[in-house]
Amino acid sequence: MKFLEFLSDNDLASLLLRISIGSMFILHGLGKPLVVGMEAVIPGFVEQGFPVWTAYASTAVEITGGTMLLIGYYARLASLTLIPVSVGILVYHFSNGWVFHNLGGGWEYAQLILISLVVILLLGTGKYGIRKSL
């Protein structure tokens with residue numbers, strides 16, 4: 001079917017995935033210092049056994065990596081950098097069970113983000129980005 005050919009456009013798929021995941025990381029990263037406050041975020045990191053500095057580092061990585069995904073600048077590198085952050089999020093939420101609306105949030109949303117980053121890593125930036133290759 002000729003009118004559905006756009007559905008097999010990997011560049012468009014990469015763009016849509018980069019925009020959605022990139023904007024999500026930007027908003028989550030900005031939410032830590034601007035909405036919740038780092039003084040409320042840090043105890044969660046420490047409780048999981050992470051040093052205090054990792055709260056600031058993950059916030060910076062989320063904002064920077066999310067921006068890189070959003071504009072299509074070294075998307076593979078950005079997703080590769082965000083994967084460890086997503087693994088940390090997955091580990092943090094794992095004990096809360098499967099469903100994200102459980103108290104403290106479940107782990108399926110974190111898993112979806114992690115898999116989306118792997119897909120971006122495989123697809124790359126695509127033609128709708130500032131810098132297409134690593």
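Small disclaimer: the values here were computed from a predicted structure and weren't measured.

(A) The arrangement of the packing of aromatic side chains in detail. Evaluation of the coordinates by the stated rule reveals 4 aromatic pairs. Considering the side-chain rings of phenylalanine 94 and tryptophan 107, the 5.2 Å spacing of their centres and the 35° angle between planes classify their relative orientation as tilted. With phenylalanine 94 in helix H4 (residues 75-94) and tryptophan 107 in the loop between H4 and helix H5 (108-123), this residue pair connects regions lying 13 residues apart in the sequence. Aromatic pair tryptophan 98 and tryptophan 107: ring centres 4.8 Å apart, planes at 80°, arrangement edge-to-face. Through a chain of ring-to-ring contacts, three or more aromatic side chains come together here, namely Phe94, Trp98 and Trp107.

(B) Local environment of the side chain of glutamate 62. Mapped onto the fold, glutamate 62 is located in helix H3 (residues 53-71). Among the polar contacts listed, one links the side chain of glutamate 62 to the backbone nitrogen of glycine 29, at a separation of 3.2 Å.

(C) Representation of the nonpolar core within the structure. One finds Ile21, Phe25, Leu69, Leu82, Ile113, Leu117 and Ile120 to be the most contacted residues of the largest nonpolar core, which totals 17 residues. Of all the secondary structure elements, the ones that give two or more residues to this core are helix H1 (10-36), H3, H4 and H5. Counting residues in hydrophobic clusters, the runner-up holds 5 residues, among them Met38, Val41, Phe45 and Ala55.

Here is what the cut-offs are and how they apply
- Residues numbered from 1 in each chain as written.
- Predicted model: local features only at pLDDT ≥ 70, side-chain atom pairs only at ≥ 80, totals over all residues.
- Heavy atoms only, no water.
- Phe/Tyr/Trp six-rings, centres within 6.5 Å; stacked < 30°, edge-to-face > 60°.
- Helix = DSSP H or I, 4+ residues; strand = E, 2+ residues; numbered from the N terminus.
- Polar contact = N/O pair within 3.5 Å; in protein donor to acceptor, adjacent residues only side chain to side chain.
- Core = buried A, V, L, I, M, F, W, Y, C linked by side-chain atoms within 4.5 Å.
- Buried < 20%, exposed > 50% of the residue type's maximum accessible area, 1.4 Å probe, protein only.

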